[in-house]
Every structure is written in C-alpha cells, then in structure tokens.
Amino acid sequence: MKIPIAVAGILLAGAALASAQAINGAGATFPYPIYGKWFEEFRQKNPSIEINYQSKGSGAGIAQLTEGTVDFGASDMPMKDEQIAALKVKALHFPTVLGGVVPTYNLPGVPDLKFSSEAMAGIFLGQITKWNDPRIAKANPGVKLPATDIIVVHRADGSGTTFVFTDYLSKISPAWKSGPGANTSIKWPTGVGQQGNEGIAGMVKQTPGAIGYVELIYALKNKMEYGSVENAAGAYLKATLETVTAAAAGAAKNMPADFRVSITNAPGKNAYPIASFTWLLIPTQIQDPQKRAALTGFLKWMLTDGQNDCASLGYAPLPKEVVSQEMKQIAQVR
Amino acid sequence: MNRLTFRKIVNNVMLTATGLCTLLTVSILFVILGYLIYNGGKSLDWGFFTKLPLPPGEDGGGMANAIVGSAEMVGLAALIGLPIGFLGGLYLAEFSGKFLGFAIRYTADLLNGVPSIVIGIFAWALVVVPMHSFSALAGAIALAIMLIPISMRTTEQFLSTVPNALREGALALGAPKWKVLATVIVPAAMKGILTGMILGVARVAGETAPLLFTALNNQFWPRGIAQPAASLPVMIYTHAIAPYDDWHRQAWAAGLVLLAMVLATNIAARWILSRGISVQKG
Amino acid sequence: MSATATASVLTRRSSTVKGDEIAHLVTLAFGATVVLITVLLVWNLWGASAASRSKFGIGFLWGTNWDPNAADFGALPFIYGTVMTSLMALAISVPLGVGAAIFLAEMAPPGLSSACTFLVELLAAVPSVIYGMLAIFTVVPMMREYIEPALKGAFGYLPQFQGPMLGVGYLTAAVVLAIMTFPYIIAISREALLDVPHDQREAALALGATRWETTFKVVVPYARLGILGSIFLGLARALGETMAITMVIGNDSTLHASWFAPGYTIAAVLANEFAEATGKMYTGALVELGLVLFLVTIVINALARLLVLATTRKGSAKAA
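The rules we used
Residues numbered from 1 in each chain as written. Chains lettered and ligands numbered in written order. Predicted model: local features only at pLDDT ≥ 70, side-chain atom pairs only at ≥ 80, totals over all residues. Heavy atoms only, no water. Helix = DSSP H or I, 4+ residues; strand = E, 2+ residues; numbered from the N terminus. Rg over C-alpha atoms; globule rule 2.2 N^0.38 Å. Buried < 20%, exposed > 50% of the residue type's maximum accessible area, 1.4 Å probe, protein only. Contact = heavy atoms within 4.5 Å. Core = buried A, V, L, I, M, F, W, Y, C linked by side-chain atoms within 4.5 Å. Domains from an automatic or database assignment. Lys, Arg positive; Asp, Glu negative; His and termini not counted. Salt bridge = Lys/Arg side-chain N within 4 Å of Asp/Glu carboxyl O. Pairing = 2+ DSSP bridges. 1 Å grid on protein atoms, 1.4 Å probe; cavity = no way out; pocket = protein on both sides within 12 Å on 5 of 7 lines; lining within 4 Å. Points joined across faces, edges and corners; volume = space filled by probe spheres on them. Polar contact = N/O pair within 3.5 Å; in protein donor to acceptor, adjacent residues only side chain to side chain. Expected span 1.5 Å × (residues − 1). Bend = angle between axes of the 7 residues up to and from the residue. Buried area = accessible area lost by both parts, 1.4 Å probe. Axes fitted to C-alpha atoms, helices over the stretch in contact; angles between N-to-C directions. Parallel < 35°, antiparallel > 145°, perpendicular 65-115°, else oblique. Left-handed = near helix turned anticlockwise from the far one by under 90°. Nonpolar A, V, L, I, M, F, W, Y, C, P; charged D, E, K, R; others polar.

A. Representation of the overall build of chain C within the structure. Each helix and strand counted, chain C has twelve helices and zero strands in total. Secondary structure elements of chain C, listed N to C terminal, follow the sequence α-α-α-α-α-α-α-α-α-α-α-α. Computed over its C-alpha atoms, the radius of gyration of chain C comes to 26 Å, more than 25% above the 20 Å expected for a compact globule of 320 residues. Dimensions along the principal axes, computed over C-alpha positions, put chain C at roughly 95 × 70 × 35 Å. Counting every position in chain C, which comprises 320 residues, the buried fraction comes to 54%. If you take every contact in chain C between residues at least 6 apart in sequence, the share linking residues at least 24 apart comes to 74%.

B. Structural view of the nonpolar core. The biggest cluster of nonpolar side chains holds 305 residues, and the ones touching the most others in it are Phe124(A), Phe165(A) and Phe277(A). Counting only domains with at least three residues in this core, you end up with domain 1 (3–46) and domain 2 (58–319) of chain C. When near neighbours in sequence (up to four residues on either side) are disregarded, Phe277(A) contacts Asp76(A), Pro95(A), Val97(A), Leu98(A), Ala248(A), Ala251(A), Met255(A), Val261(A), Ile263(A), Leu318(A) and Pro319(A).

C. Structural context of the side chain of Asp252(C). With respect to the helices, strands and loops of the structure, Asp252(C) is situated in the loop between helix H10 (243–248) and helix H11 (266–273). Buried and unpaired, Asp252(C) has no salt bridge, with Lys187(A) as the nearest side chain of opposite charge at 6.6 Å. Once residues lying within four places of it in the same chain are set aside, the contact partners of Asp252(C) are His154(A), Gly191(A), Pro262(C), Gly263(C) and Tyr264(C).

D. Quick look at the pairing of strand S4 (residues 91–105) of chain A. Residues and elements named next belong to chain A. The element S4 is largely enclosed, with a buried count of 15 among its 15 residues. In this structure, S4 lies alongside strand S12 (residues 275–283), joined through nine bridges in antiparallel fashion. Bridge pairing in S12 places Val-97 opposite Thr-278. The sheet contact formed by S4 and strand S8 (residues 210–215) spans five bridges and is antiparallel. Bridging from a neighbouring strand, Pro-103 pairs with Tyr-213 of S8. The pairing of S4 with strand S9 (residues 225–226) spans two bridges and is antiparallel. Bridge assignment links Tyr-105 to a residue of S9, and that residue is Glu-225.

E. Highlighting empty space enclosed by the protein. Within this structure, the stated rule accounts for eleven cavities of 30 Å³ or more. The volume enclosed by the largest cavity comes to roughly 550 Å³. Residue lining of the largest cavity: 34 residues in total, with Tyr32(A), Gln54(A), Ser55(A), Asn217(B) and Thr238(B) positioned closest to the centre. Elements represented by at least two residues in the lining of the largest cavity include exactly helix H2 (32–45), strand S2 (49–55) and helix H9 (196–206) of chain A, helix H10 (232–240) and helix H11 (245–274) of chain B together with H11 of chain C.

F. Broad picture of the side chain of Glu50(A). Along the polypeptide, Glu50(A) turns up in strand S2. Among the polar contacts listed, one links the side chain of Glu50(A) to the side chain of Arg223(B), at a separation of 2.7 Å. Every residue in contact with Glu50(A), bar those within four places of it in the chain, is listed here: Gln21(A), Ala22(A), Ile23(A), Arg43(A), Phe220(B) and Arg223(B).

G. Summary view of helix H6 (residues 170–194) of chain C. Residue and element names in this part refer to chain C. With 25 residues, H6 should reach 36 Å at 1.5 Å per residue; the first-to-last C-alpha distance of 35 Å fits that figure. Where H6 bends most, the angle comes to about 40°, and this point is Thr-181, followed within four residues by the proline Pro-183. A large share of H6 lies buried, amounting to 20 of its 25 residues.

H. Quick look at the interface of chain B and chain C. Contacts between chain B and chain C engage 69 residues on the former and 72 residues on the latter. Of the roughly 6,400 Å² buried where chain B meets chain C, counting both sides, 82% is carbon and sulfur surface. Along the contact surface separating chain B from chain C lie two salt bridges. The partner of Glu213(C) in a salt bridge is Arg7(B), with the nearest N and O atoms 2.7 Å apart. The tally of links from chain B across to chain C stands at seven residue pairs in polar contact (both at pLDDT 80 or more).

I. Up close: the pattern of salt bridges. Per the counting criterion, the structure on display carries 23 salt bridges over all chains. Residue Glu40(A) is joined to Arg43(A) by a salt bridge in which the shortest nitrogen-to-oxygen separation is 3.5 Å. Taken together, the positions of Glu40(A) and Arg43(A), both in helix H2 and three residues apart, correspond to about one turn of that helix. Between Arg201(C) and Glu106(C) there is a salt bridge, and its shortest N-O distance comes to 2.8 Å. Of this pair, Arg201(C) sits in helix H7 (residues 198–206) while Glu106(C) sits in helix H3 (residues 76–107), and the two are 95 residues apart along the sequence. Residue classification places Glu106(C) among the buried positions, given a relative accessible area of 10%.

J. The arrangement of the interface of chain B and chain A in detail. Taken together, the contact between chain B and chain A spans 34 residues of the former and 38 residues of the latter. Both sides together, the interface formed by chain B and chain A hides about 3,100 Å², and carbon and sulfur atoms give 61% of it. On the chain B side of the interface with chain A, the three residues burying the most area are Phe220(B), Arg223(B) and Pro243(B), jointly 22% of the side's total. At the boundary of chain B with chain A, the tally comes to two salt bridges. Among the salt bridges present, the one from Lys205(A) reaches Asp245(B), with a minimum N-O distance of 3.6 Å. The tally of links from chain B across to chain A stands at seven residue pairs in polar contact (both at pLDDT 80 or more). Listed by contribution, the elements that provide at least two residues to the side of chain B that touches chain A are helix H3 (64–95), helix H5 (116–131) and H11 of chain B.

K. View of the packing of helix H1 (residues 3–43) of chain B against H11(B). All names here are of chain B. The contact between H1 and H11 brings their axes to 7 Å, and the two run at 125°. Taken together, the axes of H1 and H11 lie oblique to each other. With respect to the hand of their crossing, H1 and H11 are arranged in left-handed fashion. Residues Ile-32, Leu-33, Tyr-35, Leu-36, Ile-37, Asn-39, Gly-40, Gly-41 and Ser-43 of H1 pack against Arg-249, Trp-252, Ala-253, Gly-255, Leu-256, Leu-259 and Leu-263 of H11. Classifying every residue of the contact of H1 with H11 gives ten nonpolar, five polar and one charged.

As structure tokens, then:
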C-alpha cells in the first residue's frame, strides 16, 4: 500500500512543479556544448523557463520537428525543400553560431598534419588505407608517418556535421560528389559509425590510427589532435575564430531571406573550408503564448548576450549583418 | 598405455575442463562487479545523488534527476503493468477454459519475447506521436508492456503451486469461488507472486532501448509525466559513448548505482523464494 | 425444506454465482489485454512498414544496399549481422556453458553447485547497457590489442580474419553476446541434466564407464532436448539485444566478410536511426526491419518452448 501512495505523491509533486515552463528541443550535436551553456545561463536569468535540449543529431532534430514531438529543432544542415514541404507547421531558420568541422586523428607523436584535398577525399573514399601513403606525405614533408591502418570514424546517426563535411568533400572531389554525395545520412564507403559528435570523438580518442570529423570544440575540449585543411585558395588552415569568420564573410553580405546558405570551401585566402552556420528551427506558429514568449525571449537573448559565450567555446559569433536580419525574423514567430 | 589408463586420463582432463568452464563463467560476474565497484566507487560522491547534470564539457554535476526519473517511470510502469498481469494470471490459473487460456498464454509468451527496441517503437507510435511530445508516461507505458507478461506468468505459476486441497476445502465450506481466491488462495501464493513481480520490476529498471524514443532524456528535474524525463540507463549510454572523461566517471558511478539496485533486488527476491513458500496448514 | 428456506438458498447461490461471474469476466478482460496489445503491436508494425513493403517486396530480405539518400533499402546486412553475431556468440557460449552446466550438475557438491548457479543467474540480471559500457572500456581494447592480432597471426589466410583491427566489430559483439547468454545456457542445461534419473547414471557406472563417459555418453544425450531448449532461449535473447551491441559493433551498414570488420544488427540500426527517419519510406524500411526481427524471435521462442515441452513430456513418460 505504501508504494502506490509514494508513487502518486511523486507524480502529483511533479505536476505541481510543472508550473515551470518546459520547452523541449532536439537536434544537432555540433553546437551542443554552447547550446547547453546557453540554456543553463538563460535558466539562471529566467528560473521559470527550462529549455531541455537533447543532442541527437540534425537528422533527428528535423524528423522530430516534422513529427511534431518537439517544440523546436536544431540542425547544421539547412532543411531541404522537400523537408520543408513535409512540415505541417512552417518553421524558420535562425542561425546561432559559426563553427568549424575539423579532421581529428589519433597518431601519437604526429601533431599538426596537413590534409590536402586529394588526401582528405582519398581517405574517406577508402582509397587511402595507410597513414604513410605518399598522398598524405606529399603535404607533410619531413614528417615521419607510421605504416598503420587508417581507421575512418563517421556518424551512425543523421548528422548536420556529416552534411557540412560531405558538402565540402563534394565540392573538392568529383568522385565524392557522384558517389556518396552530401546529406545528413549517406552510404559511407568505409569506416565505423558512432553516435553524435561525442561518439566520433570518443572513438577516435581511444583508437590509435583513427580519423574522424568533429566540431572544433570536441577536439579542443578533449585535447585531441586535429589537422589543417587545404582551402579553395590552396592554403592550409586550421579552424580558428578568424578563419571560420572569414569563411562566412561572403555569406554575411548576401544572406538570403530564409538564412539557408552553405559556406563550405568559401573563397578567400584566410577562409577555413569546412565551416558552417548552425540553425535553430523554430515553428512559425506556437499556440501556447507562454512558450512563444519564452522562445522569442531566448532568441533575443541569444542574439545579443549569448553571442559573447562563443569565443570561449571555440565557435565564432554571428556577423553583425546576420544578427540584425535575424532580429527582424523573430517577429514572424506568432 | 592400456585402454583403461587412457580412459582415466580423458576422464580427469575433461572433468578439469568443465571445472575451468565454470570458473571462467562465474568469475565474469566478479570481474563485472569488480570493475564497477572500483571505477564507480571512486567516482561516486554525494554530488552524484543531489546535483543536476552540467552542460557538456564542464566537470562536476550529478545524475540526481536521472535517479528520480527512473524511479518515477518504473514506479508508474509497475502501477500499470503489475495489476493487469496479476489479474490476467489469476484468470489463467483459476478461470480459464482450454481455448482462451491457450490463446492468452501463447500471446503472453509472444509479448515476452519481443525485443525491447520493438516495444519502444510501438510505444512511440502509440503515445508519443498522438501526444506530440516525448514523455515519462510514454516511457512508463513501454516498460509496463514489458511487465505485463512477466507478472502474468509469475502469478499463474505460483497460483498453480497452491495445493488443490486448499481450494476444495474452502469451497466445501460453501464460500463462493471469488471469496476463496481473495482470502485463501492468493494470500497463500502471494509471497512467490510478489517476489516474481519484484524481479520483473528490477529487470525493466535496467532497460534502455524502450526509453530511447519514448522518454527521450532531460537535464532538468522531472516535471510531471507529460514531459521527457531522464533515466539512469539512458544517461549511462549517452555518457559512456561520449569523449569527456568526467562523463565516463559519472557513467561508472551511475552503472554502479544501477547494478547495485538491480542485484540487491534480485538477491533479496531469490533468497525469499528459496526459503520456501509458506502455505497455511490446518 | 420449507419454501422460504429453499428460496433463500437459491438466492444465496445466485449471488454467489454472480460474484464468480464478475470475477471471471474481470480477470478475463485483463487477461485479454495481452492479446489486445499484441494485436495492436503487430498491426502497427505491419501498417507502418506498408510503403517499404510495397516498394521492395520480398526482395527486401536479400537487398544489400542501405541508402537513405537514394531511398533504397535492403535488409541483408542487418539480418547477416544479427544472425552472425548470435551464432558466433553461441559457438563460444554453448561449449563453455554446457561444460559449466555439466560440472555443476554432475561433479560439484550440491552446496557449491547451488551457490555457483545463483551467481551465474545474477549475470542474467545485469542490464544490457552496463555490459555495453564495460565492453567499451575492457573488451574492445583487449580485442584490438591482443586477441585480434593473435587470431590474425594464426588464421590470417582466411577471409574472416583479414582487414584492419578496430576493436569494434562482429567478433567483439559476438564475445559480448556470449557473456550475456551464459546464464541461460548454464541454468537451464543444469536443470535438464539434474532431471536425468539416477538409474541411468548408475547403470552406466555399473557397466564400468568412467564418470566422464557416463556424463558425455549417457546423461547429456538424455538431456539433449532441454539443453537444446536452453540454446534456443539464449539465441532468442541474443537476437533482440540492442544496447550492448550498438556500443561495440561499429555500426556500418555494409556487408563484410571479415569478422574484424564493423557491422550492424537490426536492433542496433533501429536504435541509431529510428529517431531521425523522415518520410514514409525510410521509417517504413526501419519498421519492416523491426517486423523481420519480431517474426524471427517468435519462431525461435516457439521452438524453444516446444523443446522444453518435449523434455517435460519425455521425462514424465520415462518416469511412468
């Protein structure tokens, strides 16, 4: 008898506490470190608003938004036309930060590898299978490369980070473009799959000879090696605030009204080639006025105070033109 | 060497081999416990039980909400699933005819064998999509669906061990059947039934797959059953596959807590069962 | 008897009957919920997979391509992974498990036997996610650094032992599954062996057989149906295993010959891809995979029950 009473008590207590505004979102793992920080900070400023964000991958974010099971989604891939058509309630894209996808690898004693376009495509196509392949050595003269197998680690779940990376690969490699192509989920020619940016980072960290693609912060936070990538102008760049911001320079001036844009392989000597915006997907119609107020309030805070958190977590803040354009879009959330 | 000596040698070798097999399999349990106690023990602190998780990459924090969320969902699942299974098992043991009894028993066995991930998908379609939200309720319903066949079988099993003499004696005194069941038969079998139910609850408390698309996860305290909720098994999963060392630390601690709860329940239940089911005499 | 007395007896009996009828109906209703839930489940699986079933037909079962981009789906890599890992797991756990069961049933003193069985049964209670977590940090590095290189050195000419050694893959998943199936095989085989009547053993020993010969040539064959039943039960568990597998199998939807290579099982791909499947075709293909798994586990479970049933009937027939 005691157990059912206790359970009923917990449920009632929970219902009573439900006076806090609970908002649920799911999506990209790419920006999860900063979203986690933002939602926590926002909650400290507004204790009654709890935004629960689950990093399940951009694919899940889009799917659950379409299904209507979450209040908002998040994705590093702008939604495709057919995905937008499938939405019952139209959604708006709100860019939040700029980030860079880095090739992180586990080769003890070999820091700062340079990856040429040829090497990068070859590795992920499964054509380059050993670390001491001449195509890798070409860009790294004087570096002693071991004869170990290359173990490619990619995403097992639908991922915007995968989209950004494969979008870049499609632009630098015709073989990739006609083969696997660019999407959140593709047929990988080789390699092992893991869940989330977290999963790739976790596996690369523990497996000697592994290489994967993760958002910069995952490599930084876990003290993992990541290489520099050859950009459109032929320069080898590591992902930094400056190089990622430079990649967005062109898009900032010509941002389309719906904010859907790709900045991979951007022109410019200092532009990091695997950079991307990441977006929050907010429905245009939110029935509950409290939820609407909470979300629009968060968006305003994110575009102003929130941007100050970017640098400490390795993301680049949004260009000013983009911020002002977004502020106007907030009004479209009714 | 003659034939007899050869056979004796084979005898000794094979007997030793089987002993080694036993040693190997039994020691696995100790290896598991050892690892969890060592790694989990040094990570377990008071903060684990009281604090909420922090954003990824930040050290510290705990899994207090997961413990509460698990308790909430398992408790609700037990509230829903156990009585349904109990009454169904009562039907099978006391009232059922040949055809209906066979049909119900067969479907219960079927449901018992369904992989938990498929049950999770079913619960997603049944609860999450119409509700337009992930929720602790959906998670609890998924777990309840797993509990029903378990509690049904255990109820039927222990009711059928009650000797017929008891039934006949009570009926001969003129009591209606339902009264006999309620006051004599069920209490006689209750110890076994309860322990079987507790074992079932311990099993679903460790399930992860059915919660993945139903309860989702939550970094805050559970807020009513219509919102997503954190649970220990899902937290262990997300933290174990992540790269952060602090998250690994917490995953070990959570694993230790979960395993301790599950094993303690199992050991207690089996010990009670092994002491024999008391049947009133005279 | 007077009229009133008869009447009161009759009314008492009818209220008795009323109470029993209600009890009968109520418990039947609750029992029938199991049937209702199962019917709903199958209906849901069948309906949600309609788009995929109509497009691919029966060819879905041997299609090798899993391409969400091109909406082309085939189940073979997952069926192969599920079956391979389960069979390999049984190949490891059956000899070890039956061996341990023989020791516990035939050799060990009763106290030790009960104690060890108790401990082994506790292994069945360990949640899958904990097996997975332990495997990531212990089994995977051990496979990658010691066992796989050793196997490659010894059998590297076979296609099963070629290719890069990642630590995760079919073989590692099989090892973890083997550990998870031990308890079922040991506990049930031990029961089957204990059920063998003593006169069988005594007869063999009287004829001069050694203990091992008695066990292996007389007792085990007598108990073979029960042992087989335990194997099927272990198989059924292995087929539906999700969390531990997805953490160690490498999650790759291509068919590989090498056991070191990453693979996928039906349960693992459902766990990873279901939340993000958009569109009737992708979701339908995943649900169809779930349907395939569901049907396979039904068949295996049914076989297991039949075997256990046959054992008890045989046992009682022999005793009679």
